[in-house]
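Residue strings, one per chain:
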Amino acid sequence: MNEQFRTCPDTGLKFFASAEALIKANAVVAVVFLLVGGIWGLFVGLTRWPAVHLLPPDWFYLALTAHGLNVLIFWIIFFEIAILYFCSSVLLGSRLAAPKFAWAGFGLMLVGAVLNNYIVLTGEASVMMTSYAPMEAHPLFYLSLILFAVGALIGCFVFFGTLVVARAERTYEGSVSLVTFGAITAAIIAVFTIVSGAIILIPTLLWSLGFIGEIDALAYRLIWWGFGHSSQQINVSAHIAVWYAIAAIVFGAKPMSEKVSRMAFLMYILFLQIASAHHLLADPGVSSEFKMFNTSYAMYLAVMASMVHGLTVPGSIEAAQRAKGLNNGLFEWLRRAPWGNPVFSGMFISLVGFGFLGGISGVVMGVEQINILMHNTLYVPGHFHATVVIGTTLAFMSLTYWLVPILFRREIILKPLAAWQPYLFGFGMAGVALFLMGAGTLGVPRRHWDITFSMTGGVTHEFPAAANTLLALNGLSVLLAVVGGALFCLIIVGSLLWGKRLGEQQSPEPRIAEVPPDEAYRGIGVGVITVPGTLTLTMVFFISFAVYYFINWKYLAETWGIS
Ligand code: HEM
Ligand SMILES: [Cu+2]
């Protein structure tokens, strides 16, 4: 009961010893896996650059498998566990429930992740992240993922337990903050996700051991995507919680409407899982009714939730900035935002990139009819690098810049470089996303070692010459993104090792912005509109969306002539 805690001199937050140690351990391990996965990403990108074509085929598929798992599973989920403990123990000022279990979960995750890297490196598990049966990997591959998932599940339960403890011990008043609410959303979806993962991976493990005769390929995909898609929704909920947190930290912004934002989080829980069907749009054996209902109708309810967050987060920032006096014109609030502070710039690039590149391409791809244009092409990784990399990864990076001084009491090193890092990574990745989508639009397949089809024994197909150019441009963007990613790992690990120690006195510069008083909000905006800048951006968004949507139907219409 009387666990040790320290009160952060800069933020007033309470750090209980066990929660603090677990947050640190999970976050540090996460960054290490990001580094490992990023290096594999470099190899993959250089291989897909026709003029470089770095790796031979066996190594390409090995690298692609290792890349996907290390970044999308290990980096993201370790970091999310850190976020869950932060949003429960630290934000609610409560001790962590069952720290021993939390460490056991961490141990399982670590063993799973290391074992997975080992077995992938042996070359006996180059089945890529989705590991579609009947492609078969070494049993240790499935076992390692199951261990990792069980560990993560324990982490979720410790999170829920901590909410219960905080409530029982009355460590906070009223209801939990929106950020914690977002984390709760993420954790609820995580439980569903991990259970789906177990339902599919356990029989697959038994099959690879020879105890089960076969795994139905369609059933595998159906259930696997219950896991694969939902896990992306954990990421989205978590990174949106991070956006809200950063808006509060950097600007003292408060949500425009708590109720609306909470409803939007709730809509994720209600509607996101059914969007899993967008991964089956080209599958035979799944009915059109099923596909269309889940993707072209129900999915939009989840998309709407994301658009609500995409509107209220910048809206709350705009309102707070205006309340502080930056009330001129449409965009003074944005122009005079702290663009040199990576906590803000990373978060804002994450928001815009996620919305414009990830969101628009996702909805377009999620329509059954136009999906066929880009199904299984490079468009797909183009889309999800905008969501999981610009969206989630960059948001987590931004938060890390804030967490290092607060949590580790170390100053960030190489500050001028840190100010550039989100731009290098964000714009590099925007290039990756756009050029991959471009190549995909020309029909270049994803997960393909060689678009000239050498070694296929007679397959001939010529892609438009522009495909080569797009892949070369992608290669250059990969280099830029890798420099940005490596810089992040260097700055963070370097700060932990060599950053100036801050001790327990208050830092000279404030690490959390003051909240403008309610009166300051009176009369802000232009005319009767309080956040005209955000509304303008929203209109630009909708117009881009509509135009791009139309263009794709036009492409589709041109595929088959009628006469
Ligand atoms: C410097 C960073 C990165 C670079 C250069 C990079 C590049 C690439 C490239 C070129 C592909 C291959 C597309 C194909 O041939 O199908 C790929 C696949 C992929 N990337 Fe990345 N990426 C990076 C970071 C990330 C991050 C941070 C994530 C997740 C958070 C991620 C998730 C994935 C996934 C899941 C795949 C698909 C693997 C598969 O098809 O099984 N990437 N990446
Ligand atoms: Cu999905």
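Details of the structure are given in the entry above.
None of the values given here were measured: they were computed from a predicted structure.

Conventions adopted
Residues numbered from 1 in each chain as written. Chains lettered and ligands numbered in written order. Predicted model: local features only at pLDDT ≥ 70, side-chain atom pairs only at ≥ 80, totals over all residues. Helix = DSSP H or I, 4+ residues; strand = E, 2+ residues; numbered from the N terminus. Rg over C-alpha atoms; globule rule 2.2 N^0.38 Å. Buried ≥ 20, exposed ≤ 12 C-beta atoms within 10 Å, placed from the backbone. Contact = placed C-beta atoms within 7 Å. Axes fitted to C-alpha atoms, helices over the stretch in contact; angles between N-to-C directions. Parallel < 35°, antiparallel > 145°, perpendicular 65-115°, else oblique. Left-handed = near helix turned anticlockwise from the far one by under 90°. Nonpolar A, V, L, I, M, F, W, Y, C, P; charged D, E, K, R; others polar. Near = placed C-beta within 6 Å. Core = buried A, V, L, I, M, F, W, Y, C linked by C-beta atoms within 7 Å.

Novice: Honestly, the overall build of the chain in this entry has me stumped. Any pointers?
Specialist: Looking only at helices and strands, the chain features 15 helices and two strands. Computed over C-alpha atoms, the radius of gyration of the chain comes to 23 Å, within 12% of the 24 Å expected from 2.2 N^0.38 for 563 residues, which places it in the range of a compact globule. Taking the principal axes of the C-alpha coordinates as reference, the chain spans close to 70 × 55 × 45 Å. Counting all 563 residues of the chain, 50% fall into the buried class. Considering only contacts in the chain between residues 6 or more positions apart, those separated by 24 or more positions represent 85%.

Novice: Honestly, unusual backbone geometry in this entry has me stumped. Any pointers?
Specialist: With the exception of glycine, the majority of residues adopt a negative phi angle, and the majority of peptide bonds are in the trans configuration. Backbone torsion omega between Ala-133 and Pro-134 reads 5°, so that peptide bond is classified as cis. Checked against the element boundaries, Pro-134 lands in the loop between α3 (99–121) and α4 (139–168). For Met-128, which is not glycine, the phi torsion reads 65° and is therefore positive. Take Met-128: it is sitting in the loop between α3 and α4. Backbone geometry at Arg-447 places phi at a positive 50°, although glycine is not the residue there. Within the secondary structure, Arg-447 sits in the loop between α13 (415–441) and α14 (465–498).

Novice: It is not clear to me how the packing of α13 against α14 should be interpreted in this structure. Could you clarify?
Specialist: The axes of two packed helices give the description: the angle between them and the distance between them. Contact geometry for α13 and α14: axes closest at 7 Å, N-to-C directions at 155°. Classified by the angle between their axes, α13 and α14 sit roughly antiparallel to one another. α13 and α14 meet at a crossing whose hand is left-handed. Tallied by class, the residues present in the contact of α13 with α14 amount to 21 nonpolar, eight polar and no charged.

Novice: Looking at this structure, how should I read the site of ligand 1?
Specialist: The environment of ligand 1 is made up of 27 residues, and the closest members are Gly-41, Gly-68, Val-71, Met-128 and Arg-446. Elements represented by at least two residues in the shell around ligand 1 include exactly α1 (17–47), α2 (57–92), α12 (379–408) and α14. The greatest single-element share of the shell around ligand 1, amounting to six residues, is contributed by α2. Residues belonging to the shell around ligand 1 are distributed by class as follows: 15 nonpolar, nine polar and three charged.

Novice: Just checking my understanding: could you explain the packing of helix α5 (residues 178–208) against helix α7 (residues 258–271) for this structure?
Specialist: Two elements in contact, α5 and α7, have axes whose closest approach is 9 Å; the angle formed by their N-to-C orientations is 10°. When the axes of α5 and α7 are compared, the pair comes out roughly parallel. On α7, the residues that touch Leu-178, Phe-181, Gly-182, Thr-185, Ile-188 and Ile-189 of α5 are Glu-258, Ser-261, Arg-262, Phe-265, Tyr-268 and Ile-269. Split by residue class, the contact of α5 with α7 holds seven nonpolar, three polar and two charged.

Novice: What should I look at first to understand the nonpolar core in this one?
Specialist: Across soluble globular proteins, nonpolar side chains have a tendency to be buried as a group. Phe-78 and Ile-246 are the most contacted members of the largest nonpolar core, which has 171 residues in total. No other element matches the 24 residues that α2 contributes to this core. Those residues in contact with Phe-78, other than ones at most four positions away along the chain, are Asn-26, Val-29, Ala-30, Phe-33 and Met-109.

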